[in-house]
Each structure stands twice: as structure tokens, then as C-alpha cells.
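Here's the letter readout for the chains.
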Amino acid sequence: MTASQVLFYFFGTVLVLSALRVITARNPVHAALFLVLCFFNAAAIWLLAYAEFLAITLVLVYVGAVMVLFLFVVMMLDINFDKLREGFWSYLPLAGLVGFLMAFEMAMILYTKVNITEIPVTTTMPAGSNTKALGAVLYTDYLLAFELAAVILLVAIVAAIAITLRRRKESKYQDPREQLAANAGNRLKIIKGVK
């Protein structure tokens, strides 16, 4: 076994264990920190596959921006997580079925008989950086999938904004029409002759 295989199995094991802790941790801050550990291990696996651009993008975008934002939101909101977890175990049969199907499909892919002589293997890196090659493939061969992912992300952003725009009873709102319609006559009352 080579050193890169040992590192791959090490990072993969830590990735799977930390992913399990993401969904089983009771504290949402701990779950977010385990998710950061997942991202770092996934980036290390991408580095082993010579995908430096994807690895650094994962660290910068997800760990550096998304997870920090998520941690701020979790720490600033006063959410009763015990009430949210009440129905957690009722979804276990469905989640187990989905997990089993995914594991079965991955096992089918891994254990199919593939003729290795048909797969072209390049021993040298292509000319230019892997970032340029990734961009060329992404915007030519997978353009439709890229655009569909962009539309799905746009829908998710609009849905997140729509969810947060609900009116809360405890919040105070200002009505600009009432503010503009105000004048001194109906706001100021002068009382004369009080001793």
C-alpha cells in the first residue's frame, strides 16, 4: 500500500466519522464544527487527486464563508432545538432506506466489471492548469447541468428570503405612509391655562 493510499483511507475514515457526528451531535455548534472537519478532509482528498483548485475553493468558500455565517446564525438565534428534535427518530426508517439505497448503488458501481484496457489513462498532466481544464469542461460538456444547478440555487435563495420575510408579532414595524402623513396639527397638543 502506497503512502497516498494510506492518506486517502485516513482522510476518508475521518470524513465519514465526522459526517456521522454532524447528524448525531445534539449541539448545533458542535455539528457545524464537525461539518468544518468534513470539509477539510474532503479538501485533503481532492488534493490527493491533484484537484488543487477544487480543494482550495472548498476551504475558502465553504469553511471560510458559509460555515462562519452558519455559526453566527446558530449562535445569534434563540432557537429551541429540543422542540425541533422531537420527531427526529420518526424519520429513521425512511432515512435508513435512503442510506441503504445509496450505499447499494455505490457498491454496484464499484463492483461492476470494467475492462481496464478500455479506459484511457494519462500519465502526464494536460497542458495548462487544472483550473483551465475544469473551466473548459464545465462550460462546454456540462453547460446544461451547470445552468440547472444555478437555477436551483436561485430558487433556494428566493425561498430562503421568502421564509425569513414572515411577520413576527414581537417585532415592531414602521409604516412609511403614516410617517409621511404626519403633521404638527395631529401630533402636537398645546394645553393652555394649566397651573
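What counts and what doesn't
Residues numbered from 1 in each chain as written. Predicted model: local features only at pLDDT ≥ 70, side-chain atom pairs only at ≥ 80, totals over all residues. Heavy atoms only, no water. Helix = DSSP H or I, 4+ residues; strand = E, 2+ residues; numbered from the N terminus. Buried < 20%, exposed > 50% of the residue type's maximum accessible area, 1.4 Å probe, protein only. Contact = heavy atoms within 4.5 Å. Areas by Shrake-Rupley, 256 points an atom, 1.4 Å probe, with all protein chains shown as cover. Patch = residues over 30% accessible without salt bridge, like charges linked within 9 Å, V, L, I, M, F, W, Y side chains within 5 Å. Salt bridge = Lys/Arg side-chain N within 4 Å of Asp/Glu carboxyl O. pLDDT = per-residue confidence, 0-100. Axes fitted to C-alpha atoms, helices over the stretch in contact; angles between N-to-C directions. Parallel < 35°, antiparallel > 145°, perpendicular 65-115°, else oblique. Nonpolar A, V, L, I, M, F, W, Y, C, P; charged D, E, K, R; others polar. UniProt positions renumbered as here; feature names shortened; annotations may be inferred. Left-handed = near helix turned anticlockwise from the far one by under 90°.

**Student:** So what about the overall build of the protein? Which residues, and what values?
**Tutor:** A tally of helices and strands in the protein yields nine helices and zero strands. Counting from the amino terminus, the protein carries its helices and strands in the arrangement α-α-α-α-α-α-α-α-α. By residue count, 11% of the 195 residues in the protein fall in the buried class. Taking the contacts inside the protein whose residues are at least 6 apart along the sequence as the reference set, 56% of them involve residues at least 24 apart. Taken as a whole, the protein presents about 17000 Å² of accessible surface, with 71% of it coming from carbon and sulfur.

**Student:** Could you give me a rundown of a nonpolar patch on the surface, with the residues and numbers involved?
**Tutor:** Together, Trp46, Phe53, Leu54, Ile56, Leu60, Val61, Tyr62, Val66 and Leu134 line one region of the surface with nonpolar side chains, adding up to about 750 Å² of accessible area. Within the element layout of this structure, Leu54 appears in helix H3 (residues 52-76).

**Student:** Explain the confidence of the model for the protein residue by residue, including any values.
**Tutor:** For the protein, mean pLDDT is 80; residues scoring 70 or higher make up 85% of the total. The lowest-confidence element of the protein is helix H4 (residues 81-84), averaging 67 in pLDDT; the highest-confidence one is helix H1 (residues 3-24), averaging 90.

**Student:** I'd like a description of the side chain of Asn41, backed by residues and values.
**Tutor:** Note on placement: Asn41 falls in helix H2 (residues 28-48). When near neighbours in sequence (up to four residues on either side) are disregarded, Asn41 contacts Phe11, Val14 and Leu15.

**Student:** Explain unusual backbone geometry to me, and be specific about the residues and the numbers.
**Tutor:** One non-glycine residue, Tyr50, adopts positive backbone phi at about 60°. Residue placement: Tyr50 occurs in the loop between H2 and H3.

**Student:** So, the packing of H2 against H3: which residues are in play, and what are the values?
**Tutor:** Viewed as axis vectors pointing N to C, H2 and H3 meet at an angle of 175°, and their least axial separation amounts to 9 Å. Overall, the two elements H2 and H3 adopt an arrangement that is roughly antiparallel. Contacts from Pro28, Val29, Ala32, Leu33, Leu35, Val36, Phe39, Phe40, Ala42, Ala43, Trp46 and Leu47 in H2 reach Glu52, Leu54, Ala55, Leu58, Val59, Tyr62, Val63, Met67, Phe70, Leu71, Val74 and Met75 in H3. Class assignment for the residues of the contact of H2 with H3 results in 23 nonpolar, no polar and one charged.

**Student:** I'd like a description of the UniProt feature "transmembrane region" (unreviewed entry) in the protein, backed by residues and values.
**Tutor:** Mapped onto this numbering, the UniProt entry gives "transmembrane region" (unreviewed entry) at residues 6-24, 31-49, 55-77, 89-111 and 142-165. Along residues 6-24 one finds 100% helix and 0% strand; the C-alpha atoms at either end are 27 Å apart. A helix fraction of 83% and a strand fraction of 0% characterise residues 89-111, whose end C-alpha atoms lie 33 Å from each other.

**Student:** Outline the pattern of salt bridges, listing residues and values.
**Tutor:** Under the definition given, this model contains one salt bridge. Arg177 serves as the salt-bridge partner of Asp175, at 3.8 Å between the closest nitrogen and oxygen.

**Student:** With reference to specific residues and values, describe the packing of H1 against H2.
**Tutor:** Contact pair H1 / H2: the axes reach a minimum separation of 8 Å and the direction vectors enclose 160°. Here H2 runs roughly antiparallel to H1, going by the angle between their axes. At the point where H1 passes H2, the crossing takes the left-handed sense. Where H1 approaches H2, its residues Ser4, Leu7, Phe8, Phe11, Gly12, Val14, Leu15, Ser18, Ala19, Arg21 and Val22 are matched on the opposing element by Ala31, Phe34, Leu35, Leu37, Cys38, Asn41, Ala42, Ala44, Ile45 and Leu48. Across the contact of H1 with H2, the residue classes break down as 16 nonpolar, four polar and one charged.

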